[in-house]
Protein chains: 2
Amino acid sequence: MHIGLIGPGIMGRPMAFNLAKAGHTVHVYARRDAALEPFSNQPGFVIASSPAEVARAADIIITIVSDTPDVEAVLFGPDGVTHGATAGSVVVDMSTISPTATREFANRLAMQGVEMLDAPVSGGEVGAINGTLSIMVGGKPEVFERVRPVFELMGKNIVHVGDAGAGQVAKACNQVVVAVTIEAVAEALTFARSHGVDGAKVRQALLGGFAGSKIMEVHGQRMLDDNFQPGFKTHLHAKDMRIVEAEARSRGVVLPCADLVSGRLEGLIEAGMGELDSSALYRLLN
Amino acid sequence: MHIGLIGPGIMGRPMAFNLAKAGHTVHVYARRDAALEPFSNQPGFVIASSPAEVARAADIIITIVSDTPDVEAVLFGPDGVTHGATAGSVVVDMSTISPTATREFANRLAMQGVEMLDAPVSGGEVGAINGTLSIMVGGKPEVFERVRPVFELMGKNIVHVGDAGAGQVAKACNQVVVAVTIEAVAEALTFARSHGVDGAKVRQALLGGFAGSKIMEVHGQRMLDDNFQPGFKTHLHAKDMRIVEAEARSRGVVLPCADLVSGRLEGLIEAGMGELDSSALYRLLN
């Protein structure tokens, strides 16, 4: 199949390679030429000069870029996907962006007969390389079924959450839980340290019970090692939490812990630690 | 072996039965006669009329009562453990109480030649019944080794965390992580609901990735079912968080999310929901 991939960055690059490895022809586009370098003269890849060109060549067009305005530009800007997509094309946005904007984008594409799924991922660079991402999908069930074999080349836990935007809602929920749980583990290990108690032992004791989590396991260890190489960068996590806050506000919902941790991520950026893994929240306490 | 058990409540009762089942003679004491009812005429049990009487008969004296003052009364009050314990006796406090008070109690007992371990548990009534509790232990390593076979009759994940008080510190960490993670899951599911997205699908999608936790699995389901039968009661969780707050303050440590959730647990009590499982925090958001 001809698959487009717009935004081959840390996540998109290994995802593109997994698609090509499965025998698909992958049409890649990036704003920066450097991001296209790994694909030049590689079998299975065609380098495109615009999102429109990707859309003309591919049946399924994956976008995985930074934020809501980037997705809008790539889809609807000059030389955007809409200038190349035809009725029956499917846009699969795997970026993490606003659920509300996602619904609007899906509606705009639908007027052109173009289908859209929102399919943000969790699992980081390692998950992208190993094809073990969690993929949270919003959109029509029949479109989801059509794209499912492609998702299966990139991820393991693939859930059709609901209609357009539902994938982004699930991802927002994911980012809330991850951020607040990181803060929870950071506060617990800080408490232990203030009592002169070995955090490694505490982590070990807690992993077996109700306090056990992937975050305790992975990010807890990062805190104990004082090693905050990303992982997932603070400034991206802060961006995701800003989306959550804006969306919550617009729905009249108050999320007190999410708000608090969102503010702490901004504090981490102000303190010059935006490039570190977001588990560096531990540093703000110590 | 002769083992004492002071405080056969929801947790202590099944623990006592697991000890007797293994062939030990269990000397039980409770302030309320009703709590002793299940043991009368049961093989393997001796009902005692005071903590001192328990201490005279048993080599290892387990206490599992509600709060710091209860442990102090049982150990040092009139007819308390110290009036019956002899040099070489071991007090094993499995209550959840203040780490600082624990260290003081251990010192007072040591002056009498009585050893003490703090060994609070996690895993709830089900864990106590099945003998699968997590047990977090503070005290001397050689005393821990002596008591380990007894712990193994009650728990699975048994960790010697450190010196006197370290078990209570680990338990405090556990309660922080559990409380804050419950709030994280509650806020995420509230966000999903405000977008009209199926929380069950969100839970399913998130369980596979970094947002996955025991709390997401168990308490997330409780929230989706709107079933807040304990489980672990809000007023007990609030009590544990009060201990954390007091201890953190005394060490000059600030734990912003723990403080926030502690306040929300108090709010739940004020709203008349203190007897519900602490995952009823979800109700405060909805």
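Calculation criteria
- Residues numbered from 1 in each chain as written.
- Chains lettered and ligands numbered in written order.
- Predicted model: local features only at pLDDT ≥ 70, side-chain atom pairs only at ≥ 80, totals over all residues.
- Heavy atoms only, no water.
- Helix = DSSP H or I, 4+ residues; strand = E, 2+ residues; numbered from the N terminus.
- Rg over C-alpha atoms; globule rule 2.2 N^0.38 Å.
- Buried < 20%, exposed > 50% of the residue type's maximum accessible area, 1.4 Å probe, protein only.
- Areas by Shrake-Rupley, 256 points an atom, 1.4 Å probe, with all protein chains shown as cover.
- Contact = heavy atoms within 4.5 Å.
- Buried area = accessible area lost by both parts, 1.4 Å probe.
- Salt bridge = Lys/Arg side-chain N within 4 Å of Asp/Glu carboxyl O.
- Polar contact = N/O pair within 3.5 Å; in protein donor to acceptor, adjacent residues only side chain to side chain.
- Nonpolar A, V, L, I, M, F, W, Y, C, P; charged D, E, K, R; others polar.
- Least-squares fit on C-alpha atoms with pLDDT ≥ 70 in both.
- Core = buried A, V, L, I, M, F, W, Y, C linked by side-chain atoms within 4.5 Å.
- Expected span 1.5 Å × (residues − 1).
- Pairing = 2+ DSSP bridges.
- Axes fitted to C-alpha atoms, helices over the stretch in contact; angles between N-to-C directions.
- Parallel < 35°, antiparallel > 145°, perpendicular 65-115°, else oblique.
- Left-handed = near helix turned anticlockwise from the far one by under 90°.
- Domains from an automatic or database assignment.
- Phe/Tyr/Trp six-rings, centres within 6.5 Å; stacked < 30°, edge-to-face > 60°.
- Lys NZ or Arg CZ within 6 Å of the ring centre and 35° of its normal.

*Asks:* What should I look at first to understand the overall build of chain A in this one?
*Replies:* In terms of regular secondary structure, chain A is built from twelve helices and nine strands. The globule rule puts the C-alpha radius of gyration for 286 residues at 19 Å, and the 20 Å found for chain A is close to it. Its C-alpha atoms give chain A principal-axis dimensions of roughly 65 × 45 × 35 Å. With 286 residues in all, chain A has 60% of them scored as buried. A total of about 10600 Å² of accessible surface is found on chain A, and carbon and sulfur atoms cover 50% of it.

*Asks:* Looking at this structure, I do not really get the interface of chain B and chain A. What am I missing?
*Replies:* Accessible area lost during the coming together of the parts is what is often quoted as the interface size. Tallying the contact residues gives 63 residues for chain B and 63 residues for chain A. Counting each side, the surface lost to burial between chain B and chain A is near 5000 Å², with a carbon and sulfur contribution of 76%. Among the residues of chain B in contact with chain A, Phe191, His195 and Phe210 of chain B are the three that bury the most area, contributing 16% of the side total. Across the chain B-chain A interface, the total number found is zero salt bridges. Inspection of the chain B/chain A interface yields 14 residue pairs in polar contact (both at pLDDT 80 or more). Every element with two or more residues in the side of chain B that touches chain A is listed here: helix H4 (99-110), strand E8 (133-138), strand E9 (155-162), helix H7 (166-194), helix H8 (199-207), helix H9 (214-225), helix H10 (234-250) and helix H11 (256-270) of chain B. Here the side of chain B that touches chain A gets 20 residues from one element, more than from any other, and that element is H7 of chain B. For the side of chain B that touches chain A, the per-class residue count stands at 38 nonpolar, 17 polar and eight charged.

*Asks:* Can you help me understand the side chain of Ser279 of chain B in this one?
*Replies:* All names here are of chain B. If you trace the backbone, Ser279 turns up in the loop between H11 and helix H12 (281-285). Relative accessible area serves as the criterion here: at 0%, Ser279 is assigned to the buried category. Engagement of the side chain of Ser279 in a polar contact is seen with the side chain of Asp277, the distance being 2.5 Å. The residues touching Ser279, leaving out its near neighbours within four places in the chain, are Ile182, His219, Arg222, Met223 and Phe228.

*Asks:* Explanation requested: the pattern of salt bridges in the structure shown.
*Replies:* Opposite charge on two side chains lets them pair, provided their charged atoms get close. All names here are of chain A. Scanning the model with the defined rule gives 22 salt bridges over all chains in all. For Asp277, the salt bridge is made with Arg222, and the minimal N-O distance between the two is 3.0 Å. Here Asp277 is found in the loop between helix H11 (256-270) and helix H12 (281-285), whereas its partner Arg222 is found in helix H9 (residues 214-225), with 55 residues between them in sequence. Here Asp277 and Arg222 have matching classes, each one buried.

*Asks:* Honestly, the relation of the copies chain B and chain A in this entry has me stumped. Any pointers?
*Replies:* The two chain copies are related to each other by a rotation about an axis together with a translation along it. Rotating chain B by 180° about the axis while translating it 0.0 Å along that axis superimposes it on chain A, leaving an RMSD of 0.0 Å. Both copies are brought into coincidence by an operation consistent with a two-fold rotation axis. Residue Ser213 of chain B of chain B places its C-alpha closer to the rotation axis than any other residue of that unit, at 2.1 Å. A symmetric contact is evident, with 100% of the interface residues of chain B recurring at the interface of chain A.

*Asks:* Got a minute to help me understand the nonpolar core in this structure?
*Replies:* When a protein is soluble and globular, its nonpolar side chains tend to lie buried together. The biggest cluster of nonpolar side chains holds 94 residues, and the ones touching the most others in it are Val161, Val202 and Leu206 of chain A together with Val161, Val202 and Leu206 of chain B. Non-local contacts of Val161 of chain A, meaning those with residues more than four positions away in its chain, are made with Met136, Val137, Ala166 and Ala170 of chain A together with Val197, Lys201, Val202 and Ala205 of chain B.

*Asks:* Would you explain H7 of chain B in this entry?
*Replies:* Since one α-helical turn is 3.6 residues long, residues separated by three or four positions face the same way. All names here are of chain B. With 29 residues, H7 should reach 42 Å at 1.5 Å per residue; the first-to-last C-alpha distance of 42 Å fits that figure. Here H7 lies mainly inside the structure; 28 of its 29 residues are buried. Trailing H7 by a residue or two, Gly196 shows a phi angle of about 70°, which is positive.

*Asks:* Looking at this structure, how should I read the pairing of strand E4 (residues 60-63) of chain A?
*Replies:* Residue and element names in this part refer to chain A. Covered by surrounding structure in E4 are Ile60 and Ile62 together with Ile61 and Thr63, the residues of both alternating faces. As defined by bridge partners, strand E1 (residues 2-6) adjoins E4 across four bridges and the pair is classed as parallel. Among the inter-strand pairings, Ile3 is bridged to a residue of E4, identified as Ile60. Bridge count between E4 and strand E5 (residues 90-93): four bridges; the pairing is parallel.

*Asks:* Explain the packing of helix H7 (residues 166-194) of chain A against H7 of chain B to me, please; I cannot follow it from the model alone.
*Replies:* When two helices pack together, you describe them by how their axes are tilted relative to each other and by the distance separating the axes. Remark: H7 of chain A packs on H7 of chain B, axes separated minimally by 8 Å, with the N-to-C direction vectors making an angle of 165°. Considered as vectors, H7 of chain A and H7 of chain B are oriented roughly antiparallel to each other. Considering how the two elements wind past one another, H7 of chain A and H7 of chain B form a crossing that is right-handed. Its residues placed into classes, the contact of H7 of chain A with H7 of chain B shows 22 nonpolar, two polar and two charged.

*Asks:* Whenever I open this one, H11 of chain B confuses me. Can you help?
*Replies:* Its 15 residues give H11 of chain B an end-to-end C-alpha distance of 21 Å, which sits within 8% of 21 Å, the value for a rise of 1.5 Å per residue. For H11 of chain B, the complete set of buried residues consists of Pro256, Cys257, Ala258, Val261, Ser262, Arg264, Leu265 and Leu268 of chain B. The inward-facing, buried residues of H11 of chain B contact H7, H11 and H12 of chain A together with H7, H10 and H12 of chain B. Looking one or two residues beyond H11 of chain B, the residue adopting positive phi is Gly272 of chain B, at roughly 85°.

*Asks:* When you look at the domain arrangement of chain A in this model, what are you seeing that I'm missing?
*Replies:* Residues and elements named next belong to chain A. Per the domain assignment, the segments of chain A are domain 1 (2-163) and domain 2 (169-284). With both chains or domains summed, domain 1 and domain 2 bury close to 980 Å², and 57% of this area falls on carbon and sulfur atoms. The three residues of domain 1 that bury the most area against domain 2 are Thr96, Pro99 and Met136, which together make up 43% of that side's buried surface. Between domain 1 and domain 2 we count zero salt bridges in total. Where domain 1 touches domain 2, the interface holds six residue pairs in polar contact (both at pLDDT 80 or more).

*Asks:* How should I be thinking about the packing of aromatic side chains in this particular structure?
*Replies:* Aromatic rings in a pair are described by how distant their centres are and how their planes are angled relative to each other. All names here are of chain A. For the structure on display, the rule yields ten aromatic pairs over all chains. Ring centres 5.6 Å apart and planes at 55° place the aromatic pair Phe76 and Phe105 in the tilted group. Placement of Phe76 in helix H3 (residues 68-76) and of Phe105 in helix H4 (residues 99-110) is noted, with a sequence separation of 29 residues between them. According to the relative accessible area criterion, Phe105 is buried, its value standing at 1%. Every member of this aromatic cluster is reached through a ring pair, and the members are Phe17, Phe39 and Phe45. Note that Arg108 overlies the ring of Phe76, its terminal NZ or CZ placed 3.8 Å from the centroid.

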